[in-house]
Amino acid sequence: GRSGAVIHDIRLDTALGDDNVMLELDATIENLHPWAERSCLLTLEITPPDGHPAITREYELDAPPGRGPIGDVIDVPDARLWWPNGMGDQPLYGVRACLTDGDGALCDERTFRIGLRTIELDRTRLDEGSRFCVCVNGEEVFCRGGNIGPHDPILANISDAKYEALVAEARNANMTMIRINGCSIYEAPAFYDACDRMGILVWNDFMLTCTTYPEHDKGFRDAIEAEARAIVPLLRHHPSLALWCGNNEALGAITWYDE
């Protein structure tokens, strides 16, 4: 239970300039008081991977009840870009965001790691059809990889060590991408952390697969939307996460059944 203010959401997106790298901050602070403003301080600390001094920003606000945004563009000096396996290194920056009240008491805190990289999907039209090319930091990536499902019929048996071994094998096989298809699960944090460290991009389906779904049912649609709104903010800070896909072969399933 909370009674003060919380960090409802925080994201840092990489932007590449002509000769500099920036982080675009998009944060949402939520004041849980039902009617009164609350004096808050959001402190953001970004720690480079190479021992350089941390980048620190402070944002003072008188937060009204409900949710309010904080935006900024932060220049990253001596930036080191994150690259897929075989294209460069995978330096990771530590992020710590702390929210304190007017008396300096800690209200909320988030810690995670990011990589400085941009990802684009090139769908340029061709004479016939269009391209489908993943570009990282403006460079085309030849996506060599594999498709995975659950690693054990008892999910509790999937240890962090198993994830580490799986991703290491993908790296050593010169893969650049793993696809988690809609027949599978949203993997544990250890999987995405390993992909971040080893430069393996992740194509992540939503967990819908190989059948028709009751799209006419508003309750079902609302449940799918709630699932997406929960999982995307949980994972989007990972530099390895390259693409979200709606489903696995659910569209094709429309033609598979008579009813």
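Use the structure listed above.
In this report, we go over the structure that sits alongside the text. (Residues numbered from 1 in each chain as written. Predicted model: local features only at pLDDT ≥ 70, side-chain atom pairs only at ≥ 80, totals over all residues. Heavy atoms only, no water.)

## As for helix α3 (residues 218–235)
To keep it simple, the criterion reads: Think of it this way: any DSSP run of H or I at least four residues long counts as a helix, any run of E at least two long counts as a strand, and we number them from the N terminus. Expected span of a helix, by definition, is 1.5 Å for each gap between consecutive residues, and there is one gap fewer than residues. We define a polar contact as two N or O atoms separated by no more than 3.5 Å, with the added condition that, inside protein, one atom must be a possible hydrogen donor and the other a possible acceptor, whereas residues neighbouring each other in sequence contribute only through side-chain atom pairs.
The end-to-end C-alpha distance of α3 is 26 Å, a good match for the 26 Å that 18 residues give at a rise of 1.5 Å each. The distance from a side-chain oxygen at the start of α3 to the backbone nitrogen of glycine 219 is 2.8 Å, and the residue carrying that oxygen is aspartate 217.

## Description of the layout of surface pockets
Condition: Buried and open spaces are told apart on a 1 Å grid over the protein atoms alone, a cavity being a set of points where a 1.4 Å probe fits but cannot get out and a pocket being an open set with protein on both sides within 12 Å along at least five of seven lines. Residues with an atom within 4 Å of a point are the lining residues. Grid points are joined across faces, edges and corners, and a volume is the space filled by probe spheres set on the points. Each residue receives one of three labels: charged for Asp, Glu, Lys and Arg, nonpolar for Ala, Val, Leu, Ile, Met, Phe, Trp, Tyr, Cys and Pro, and polar for the others, Gly being one of them.
Reported here for the largest pocket is a volume of approximately 780 Å³. Every residue lining the largest pocket is counted, 36 residues in all, and those nearest its centre are Leu235, Arg236, His237, His238 and Leu241. Sorting the residues of the lining of the largest pocket by element identifies β1 (5–16), β7 (106–114), α2 (189–198), α3 and β14 (241–245) as the ones contributing at least two each. Element by element, the count of residues in the lining of the largest pocket is highest for β1, at 7 residues. Here the lining of the largest pocket is built from residues that sort into 19 nonpolar, 7 polar and 10 charged. As a volume, the second largest pocket reaches approximately 250 Å³. Among the elements that line the lining of the second largest pocket, the one with the most residues is α3, at 3 residues. Split by residue class, the lining of the second largest pocket holds 7 nonpolar, 4 polar and 2 charged.

## Details of α2
Defined as follows: A 1.4 Å probe rolled over the protein chains alone gives each residue an accessible area, and that area as a share of the maximum for its type sets the label: buried under 20%, exposed over 50%, partly exposed in between. Any two residues having at least one pair of non-hydrogen atoms within 4.5 Å are treated as being in contact.
Buried residues dominate α2, accounting for 7 of its 10 residues. Those residues of α2 that fall on the buried side of the exposure criterion are Ala190, Phe191, Tyr192, Ala194, Cys195, Asp196 and Met198. In this fold, the buried residues of α2 make contact with β11 (145–148), α1 (160–172), β12 (177–180), β13 (201–205) and α3. Just downstream of α2, glycine 199 is the residue with a positive phi angle, here 75°.

## Points about the pattern of salt bridges
To be explicit about the condition: Put simply, a salt bridge is a Lys or Arg side-chain nitrogen that is within 4 Å of an Asp or Glu carboxyl oxygen.
The final tally for this structure, using the stated rule, is 12 salt bridges. The shortest N-O distance in the salt bridge between aspartate 122 and arginine 131 comes to 2.7 Å. Look at arginine 131 and you get partly exposed, because its relative accessible area is 25%. Taken together, the shared-partner salt bridges in this structure form one network comprising Asp122, Arg131 and Glu140.

## Comments concerning the side chain of asparagine 248
Here asparagine 248 is to be found in the loop between β14 and α4 (250–253). A distance of 2.8 Å separates a polar atom in the side chain of asparagine 248 from a polar atom in the side chain of arginine 179. One polar contact links asparagine 248 to threonine 209, side chain to side chain, over a distance of 2.8 Å. Aside from chain neighbours lying at most four places away, what touches asparagine 248 is Arg179, Asn181, Gly182, Cys183, Asp205, Leu208, Thr209 and Cys210.

## Some words on the pairing of strand β6 (residues 93–101)
Quick reminder of the rule: When DSSP finds two or more bridges between a pair of strands, those strands are recorded as paired.
Across 8 bridges, the pairing between strand β3 (residues 38–47) and β6 is antiparallel. The residue bridging threonine 43 from the neighbouring strand is cysteine 98, located in β6. By the bridge criterion, 8 bridges tie β6 to β7 in an arrangement that is antiparallel. Counted as the bridge partner of threonine 100 is leucine 106 from β7. Linkage of β6 to β7, two consecutive antiparallel strands, is achieved through a turn of 4 residues, within which glycine 104 is found at a positive phi near 85°.

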